[in-house]
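Here is how the chains run, residue by residue.
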Amino acid sequence: MAIVNRTRDSFYVTAGTDALEPALDALASAVASGADIVDVGGVRAGQQGEWVDVATEVARVRPFLLAARERFPDLVLSVDTWRSEVLEAIADVGVDLVNDTWAGADPDLVLGAADLGAGYVVSHTGGLPPRTDPVDISYGDDPDGVVRSVLAGLAAGAQRAVDAGVRPEAVLVDPTLDFGKTTRNSLRVLRATASVAALGYPVLQAISRKDFVGETLDLPADERLEGSLAATAVAAWLGATVFRTHDVRATRRTLDMVASIRGDRPPSVAVRGERKP
């Protein structure tokens, strides 16, 4: 899942642009590098940066989605929004997936996804409202409290989505690392990816260049690629199947290698040691 942020204040600057043509160039590059899905957002996730109203968010994502659909008619298009009004404004585009990063803050969003026949991403934010950075986050005295909260929250959210009319096979669950979580929380939740996968829904992991990677290695966003790929490999081995990333080519190669080690993908070439004709 490639990231295209239609913003001027993305935390990782090369991933975001508010100009249409450069964004479409980034899309074409992502597809060429192996992206199966593109996730388009018009608002920065955290509380830093400018306030964006509904009209501005729509103006940012709608033209891009229309152009993307025209240029890549078979590409899976995802919209990253927590607002049902935004989804209503792009209903004619035919988005395939609604990435509700803020855990049902707008309860009408999942209903809109169901009405469109789109998939829906269930997230976990520890109860925080949209664009809220975690402060004094606590899941109790038990270190595994955050894992229990994630599993319970994702299970409940997935059931709400199915009850709203989203096809069960079109529900994805995202542990939503960093959101409502400390770095230690995110590392613990990442280690529990197999338990998340055991919920029975495809697992989306949004790992790319996040703060938990940066704090773990004490690195700025533009130096977090290796840490992101290491975490991606672990999550893939443990059962995650969708990876939201700024670095499509590197992530694609990492996932292909993990799949081959697992035995799920044959090597692209396997001639080493064979007898020469």
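Residues numbered from 1 in each chain as written. Predicted model: local features only at pLDDT ≥ 70, side-chain atom pairs only at ≥ 80, totals over all residues. Heavy atoms only, no water.

With that settled, consider helix 2 (residues 54–71). Along its 18 residues, helix 2 runs 26 Å from first to last C-alpha, staying within 8% of the 26 Å computed at 1.5 Å per residue. If you check which residues of helix 2 are buried, you get Glu57, Val58, Arg60, Val61, Phe64, Leu65, Ala67, Ala68 and Arg69. (Helix = DSSP H or I, 4+ residues; strand = E, 2+ residues; numbered from the N terminus. Expected span 1.5 Å × (residues − 1). Buried < 20%, exposed > 50% of the residue type's maximum accessible area, 1.4 Å probe, protein only.)

With 15 residues, helix 10 (residues 248–262) should cover 21 Å at 1.5 Å per step; its first-to-last C-alpha distance of 21 Å lies within 8% of that length. Within the sequence span of helix 10, burial applies to Val248, Thr251, Thr254, Leu255, Val258 and Ala259. All buried residues of helix 10 lie within an arc of 135 degrees about the axis, which places them on one face of the element. Turned more than 90 degrees from where helix 10 packs its buried face, Arg253, Met257 and Ile261 sit exposed. Check the buried side of helix 10 and you find it contacts strand 1 (2–5), helix 1 (20–32), helix 9 (225–237) and strand 8 (242–244). Directly beyond the C-terminal end of helix 10, a positive phi value near 90 degrees is found at Gly263. (Arc of directions from axis to C-beta. Contact = heavy atoms within 4.5 Å.)

Here the focus is the pattern of salt bridges. One pass over the full model with this rule turns up 15 salt bridges. Notably, a salt bridge pairs Asp144 with Arg188, separated by 3.2 Å at the nearest N-O pair. Of this pair, Asp144 sits in the loop between strand 5 (119–123) and helix 5 (145–164) while Arg188 is found in helix 6 (residues 183–191), placing the two residues 44 residues apart along the sequence. Residue Arg188 is classed as partly exposed on the basis of its relative accessible area of 26%. One salt bridge in this structure joins Asp256 and Arg252, with 3.5 Å as the shortest N-O distance. With Asp256 and Arg252 both in helix 10 and 4 residues apart, the pair spans about one turn of that helix. Beyond isolated ion pairs, a larger network of salt bridges with shared partners links Asp36, Arg252, Asp256 and Arg265. (Salt bridge = Lys/Arg side-chain N within 4 Å of Asp/Glu carboxyl O.)

The subject of this paragraph is the pairing of strand 5. Looking along a regular strand, one sees side chains alternate from face to face of the sheet. Counted residue by residue, strand 5 has 5 buried out of 5 residues, so it is predominantly covered. Burial along strand 5 is two-sided: Gly119, Val121 and Ser123 facing one way and Tyr120 and Val122 facing the other are all buried. Strand direction decides the pairing type here: strand 4 (residues 97–99) and strand 5, joined by 3 bridges, are parallel. Bridging from a neighbouring strand, Leu97 pairs with Gly119 of strand 5. (Pairing = 2+ DSSP bridges.)

Two numbers describe how helix 5 lies on helix 6: the axes approach to 9 Å, and their chain directions differ by 60 degrees. The orientation of helix 5 with respect to helix 6, classified from their angle, is oblique. Between helix 5 and helix 6 lies a crossing whose hand is right-handed. Contact residues: Val146, Val147 and Val150 in helix 5; Asn185, Arg188 and Val189 in helix 6. Across the contact of helix 5 with helix 6, the residue classes break down as 4 nonpolar, 1 polar and 1 charged. (Axes fitted to C-alpha atoms, helices over the stretch in contact; angles between N-to-C directions. Parallel < 35°, antiparallel > 145°, perpendicular 65-115°, else oblique. Left-handed = near helix turned anticlockwise from the far one by under 90°. Nonpolar A, V, L, I, M, F, W, Y, C, P; charged D, E, K, R; others polar.)

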